[in-house]
Amino acid sequence: SRILVTGGSGFLGGVVVDTLLARGHSVVTTVRSEEKAEAMRATRPDIAQDRLSFMIVKDIAKLDAFDAAVVSDPPFDVVVHTASPFHYAITDLQRDMLDPAVNGTVGILQSIVKHAPTVRRVVITSSFAAMYNDAKPAGSKYSEEDWNPVTPETALDAENSQAGYRSSKALAEKAAWKFVEKHKPSFTLSMINPSLIFGPVSASLRSLDEINTSNARIRDFILGKSKDKCPPTGSQFWVDVRDVALAHALAAEKPEAGGKRFFLTADNLCNADVVAVIAEEFPDLAAGLPSGDALAAGQFPPGGPKYGFDTSRSVRELGLQYRTLRESISDTVMSIQAAQNRL
Ligand code: NDP
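Parameters and conventions
Residues numbered from 1 in each chain as written. Predicted model: local features only at pLDDT ≥ 70, side-chain atom pairs only at ≥ 80, totals over all residues. Heavy atoms only, no water. Near = heavy atom within 4 Å. Polar contact = N/O pair within 3.5 Å; in protein donor to acceptor, adjacent residues only side chain to side chain. Areas by Shrake-Rupley, 256 points an atom, 1.4 Å probe, with all protein chains shown as cover. Helix = DSSP H or I, 4+ residues; strand = E, 2+ residues; numbered from the N terminus. Nonpolar A, V, L, I, M, F, W, Y, C, P; charged D, E, K, R; others polar. Buried < 20%, exposed > 50% of the residue type's maximum accessible area, 1.4 Å probe, protein only. Pairing = 2+ DSSP bridges. Right-handed = clockwise from strand over helix to strand, strands pointing away. Phe/Tyr/Trp six-rings, centres within 6.5 Å; stacked < 30°, edge-to-face > 60°. Axes fitted to C-alpha atoms, helices over the stretch in contact; angles between N-to-C directions. Contact = heavy atoms within 4.5 Å. Core = buried A, V, L, I, M, F, W, Y, C linked by side-chain atoms within 4.5 Å. Salt bridge = Lys/Arg side-chain N within 4 Å of Asp/Glu carboxyl O.

Caption draft 1: The site of the ligand, seen in detail. Taken together, 26 residues lie near the ligand, and Ser 9, Arg 32, Lys 36, Tyr 165 and Lys 169 sit nearest. Gly 10 is positioned such that a nitrogen or oxygen atom in its backbone is 3.2 Å from an oxygen atom of the ligand. Notes on the ligand: free accessible area 880 Å², of which the protein chains cover 88%. Contributing elements (two or more residues each) for the shell around the ligand: α1 (11–22), α4 (161–183) and β8 (196–198). Tallied by class, residues from the shell around the ligand come to 11 nonpolar, 11 polar and four charged.

So this is what it looks like as structure tokens:
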């Protein structure tokens, strides 16, 4: 198929692009600058220009941002929307987080309806953040049935930028389902809801300071920054970026994935387990890792993981098989070490 991917310069976006190319699709991806397009091209020298090309979209918070990007010759069959802010360096929650997340999502759907009538499937990267519900009883299982209860009215009460990010993802997903219900477009929607994503960083990463938010803790372990105190885990679950990217591709390809959300998670997460894998697989790094009492904050709370998870839909309907923590963390560490050697 001919596929538009937004946010190809991102951690997940880059792997989505490569996965689609490897499966024989031709891809146009949006990036914010010509420089980012050049960096992506430079790390993919073997890919012909008619299989991977670029459109510049600077500000996804503008509702008409994608009007030009959705038009292509040959026309698109599928749009995969991954671009959305995932960082905590915000000064204005509405402007820096909610607007690009929600307007970016509604905007691309509007652009498709207006200018890209051949699109039959839109795959959107949502998140476990759109499922997370504080009020859910400990010991219960998360599945596609779960919803973050945030509304546009309560979103601005977020206590910190982490909560603000979760709200941005929940409001964007809710707005997307509302849009298709109201406008009944000719495409169907598939939603991918991954938990915290680890996995190899891009070969075009320019600095370890620019590593994406979810891999930052692994960089910090490698650099010895958490030696005196392991940070709290902060997320219930994790999943590998290659499995998440494959789920996007499968959702793009499988007719029966339309109209559904897919919760992706490999397992419960605890930072102490991540540290253990790094120490075992990379003995040279062990001296910089937290141990003993310094690990306490990264352990599961007493009683173990707070929630279970049911990812059977992703296994049954997409055929996903999840990578293990050992494989994911090992490959992530090696990719960061390769970046250290290169930079
Ligand atoms: P990255 O920060 O690496 O990627 C975010 C992408 O969105 C980048 O391409 C970025 O462009 C683009 N982007 C962000 N804000 C804007 C904006 N205002 N205008 C235009 N483009 C913008 O993070 P991830 O790869 O981790 O995130 C990708 C998607 O996956 C997001 O939707 C995120 O919410 C979702 N997700 C991520 C999880 C994780 O743990 N990593 C877990 C669950 C969901 P640029 O490269 O120019 O900054």
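Caption draft 2: The pairing of strand β9 (residues 237–240), seen in detail. Neither face of β9 is open: one carries Phe 237 and Val 239, the other Trp 238 and Asp 240, and all of them are buried. The sheet contact formed by β8 and β9 spans three bridges and is parallel. By the bridge assignment for β9, Phe 198 is matched with Asp 240. One crossover worth recording links β8 to the parallel β9 by way of helix α5 (residues 216–222), and it is right-handed.

Caption draft 3: Representation of the pairing of strand β3 (residues 52–56) in the model. Strand direction decides the pairing type here: strand β2 (residues 26–31) and β3, joined by five bridges, are parallel. Of the residues in β3, the one forming a bridge with Thr 29 is Phe 54. As for the winding sense of the linkage, the β-α-β connection from β2 through helix α2 (residues 34–42) to β3 is right-handed.

Caption draft 4: Up close: the packing of aromatic side chains. Applying the stated rule across the entire model yields 12 aromatic pairs. Taking 5.9 Å as the distance between ring centres and 80° as the angle between the ring planes, the aromatic pair formed by Phe 86 and Tyr 88 counts as edge-to-face. Under the relative-accessibility criterion, Tyr 88 is labelled partly exposed at 33%. With a centroid separation of 5.8 Å and an interplanar angle of 70°, the aromatic rings of Phe 237 and Phe 263 are classed as edge-to-face. Linking Phe 237 in strand β9 with Phe 263 in strand β10 (residues 260–264), this pair joins segments that are 26 residues apart in sequence. Across this residue pair, the class does not change: Phe 237 and Phe 263 are buried.

Caption draft 5: Looking closely at the sheet that holds β9. A sheet is described by the order of its strands in space; here three strands give the open sequence β8-β9-β11, paired in mixed fashion. Looking along the sheet, the strands with just one partner apiece sit at the ends: β8 and β11 (267–268).

Caption draft 6: Focus on the sheet that holds β10. Here we have seven strands laid out as an open sheet, ordered β3-β2-β1-β4-β5-β7-β10, and parallel in their pairing. Each edge of the open sheet carries a strand with a single partner, namely β3 and β10. Neighbour-to-neighbour, the strand axes of the sheet open up by a mean angle of 20°, direction not taken into account. Direction of pairing for strand β7 (residues 188–194) relative to β10: parallel, over a ladder of five bridges. If you follow Asn 193 over to β10, its bridge partner there is Phe 263. Docked against the sheet, helix α3 (residues 93–115) engages β1 (2–6), β4 (78–81), β5 (121–125) and β7, running at close to 170° with respect to β4.

Caption draft 7: Structural view of the nonpolar core. Leu 109, Ile 112, Val 122, Phe 187 and Leu 189 are the most contacted members of the largest nonpolar core, which totals 40 residues. Elements with a minimum of two residues in this core: α3, β5, α4 and β7. In this structure Ile 112 touches Val 70, Val 79, Pro 117, Val 119, Val 122 and Phe 187, once residues within four positions along its chain are discounted.

Caption draft 8: Up close: the pattern of salt bridges. Evaluated as defined, the whole model comprises 17 salt bridges. Across the pair Lys 136 and Asp 146 runs a salt bridge, and its minimum N-O distance is 2.9 Å. Here the residue Lys 136 occupies a position in the loop between β5 and β6 (141–142), and Asp 146 occupies one in the loop between β6 and α4, the gap between them amounting to 10 residues. Summarising the burial analysis for this pair, Lys 136 and Asp 146 share the class buried. Through salt bridges with shared partners, a single ionic network connects Glu 35, Arg 206 and Glu 210.

Caption draft 9: Broad picture of the environment of Leu 93. Secondary-structure assignment places Leu 93 in helix α3. Using a relative accessible area of 14% as the deciding quantity, one classes Leu 93 as buried. Along the chain, Leu 93 and Ala 158 lie 65 residues apart, while their C-alpha atoms are 8.7 Å from each other. In this structure Leu 93 touches Leu 98, Ala 155, Leu 156, Ala 158 and Gly 164, once residues within four positions along its chain are discounted.

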